[in-house]
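Each chain, letter by letter, is given below.
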Amino acid sequence: MSKSKKIAVIGAGLGGASMGLLLQKAGFDVDVYEQASEFSRLGAGIHIGPNIMKIFREMGLEKDLEEMGCHPDYWISRDGNSAEVLAQAPLTGYGAAYITIHRGDMHARQIDALQQDKLHFGKRLNAVAQKEDHVLLSFDDGTTAEASIVIGADGINSKIRETILGPEAPLYSGWVAHRALITGEKLAKLKAEFDLDDCVKWWYEDRHIMAYCTTKERDEYYFVTGVPHPAWDFQGKSYVPCDKAELFETFKDFHPSILAMIEASENVTKWPLNNRNPLPIWSHGRLVLLGDACHPMKPHMAQGAGMAIEDAAILTRCLLDEGLDNYQHAFKLYEQNRKDRASQVQKVSNANTFLKSQEDPSWVYGFDAYAQPLHEEEAV
């Protein structure tokens, strides 16, 4: 197996950083290119299930994240009006912890763990040219780079996906997500008035709100909604500020604790939930996709980033087994071993049915990317 050849990862988000780190730990020569000019504590809360913590174990970050995050015992689903428990799924017993954490804090640990001389900020990709024995990458700052293979971890608007399949705007799902944090005195007052669950999803007719702690100390509480919204032009923005009055109107029939959460929140933002139809191919030539570049989904199972990280683990295994000289077979093996699972999670997440009623979530949380034998489908 040749490891002297270079791999380029486009995008240093949660999936791209995982991809770069796993490949570097496996001994590959990997450069990670990120269009942002620097790292910043973006986003808010995120769930990291046992299926993903097992991969962070491989990265050497499991213990750090366990120390940083909140460890809920259950995912609780409640009726949005009455607070009646609709489902209660245990989050322990899967061979690793289940944590909720601020995604910026987690991402910072991933970024710090990468080889810093191989991490390149301010690199917005504008052209990709596949040559006979390499790929030529051109960036907006006028620089270029070469790599034996290129992994597109560059999100729903992926330049690598566009290179493979042509330009196509993502599809607006018809839903938006409102996001906000509650901290400090406002959180203390909220806790004094209501018994806040560590991890809860409130359901009501055609909308929901998910709330959970993002720190081990439980001094930061986060909520994210899923709400139908007419077609709306965000004019290229990832999100826009949102007035609390809109949230109060949206959840006016919800339980009083929800209204109190909205009142206590600060800096509410509203995000369009975009999507894509399943892709016909995941790779072409020396280019391959993972995560939202490949199978974006609504965040309603809290597994979107998880699927990108699982992708990274399986793709690393395939490249280790096959070697860079046999990259095309490695890409084929990767797609065959990821497509069914990623598509199933995408389908259930988009349908927004996960744990609305009592069910066994072990098919999600019990998955181990390192215990699964890599299977190869026979040619028909």
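Residues numbered from 1 in each chain as written. Predicted model: local features only at pLDDT ≥ 70, side-chain atom pairs only at ≥ 80, totals over all residues. Heavy atoms only, no water.

Peer 1: Looking at this model, I keep getting lost on the pattern of salt bridges. Mind explaining?
Peer 2: Opposite charge on two side chains permits pairing when their charged atoms draw close. According to the stated counting rule, one finds 22 salt bridges in the structure shown. Across the pair Glu62 and Arg57 runs a salt bridge, and its minimum N-O distance is 2.8 Å. When its relative accessible area of 8% is taken as the criterion, Glu62 is described as buried. For Arg57, a relative accessible area of 41% puts it in the partly exposed group. When the shortest N-O distance is used, the salt bridge between Asp198 and Arg218 registers 2.8 Å. On the criterion of sequence distance, the pair formed by Asp198 in the loop between helix H6 (184-193) and strand E13 (199-204) and Arg218 in the loop between strand E14 (207-213) and strand E15 (220-228) is long-range, its members being 20 residues apart. The exposure class assigned to Arg218 is partly exposed, which follows from its relative accessible area of 29%. If you follow the salt bridges from partner to partner, you end up with Lys6, Asp29, Asp31 and Lys118 in one network. (Salt bridge = Lys/Arg side-chain N within 4 Å of Asp/Glu carboxyl O. Buried < 20%, exposed > 50% of the residue type's maximum accessible area, 1.4 Å probe, protein only. Helix = DSSP H or I, 4+ residues; strand = E, 2+ residues; numbered from the N terminus.)

Peer 1: I keep staring at the environment of His178 and nothing clicks. Help me out?
Peer 2: Mapping His178 onto the fold places it in strand E12 (residues 171-183). According to the relative accessible area criterion, His178 is buried, its value standing at 1%. Taking C-alpha positions, His178 is 28 Å from Pro167, a pair spaced eleven residues apart along the chain. Setting aside chain neighbours within four positions, we find His178 in contact with Phe223, Val224, Thr225, Val227, Cys242, Glu246, Leu247, Val268, Thr269 and Lys270. Among the polar contacts made by the side chain of His178, one reaches the side chain of Thr225 at a distance of 2.8 Å. (Contact = heavy atoms within 4.5 Å. Polar contact = N/O pair within 3.5 Å; in protein donor to acceptor, adjacent residues only side chain to side chain.)

Peer 1: Mind showing me how you'd approach the nonpolar core here?
Peer 2: A general tendency of soluble globular proteins is for nonpolar side chains to be buried together. The biggest cluster of nonpolar side chains holds 71 residues, and the ones touching the most others in it are Phe56 and Leu319. A per-element tally of this core places helix H9 (residues 304-322) first, with eight residues. When neighbours within four sequence positions are excluded, Phe56 is seen to be in contact with Ile48, Leu61, Glu62, Leu65, Met106, Gln110 and Ile309. In terms of nonpolar packing, the next biggest core, distinct from the first, is built from 29 residues, Leu196, Tyr221, Ile258 and Ala260 among them. (Core = buried A, V, L, I, M, F, W, Y, C linked by side-chain atoms within 4.5 Å.)

Structural measurements only, silent on function.
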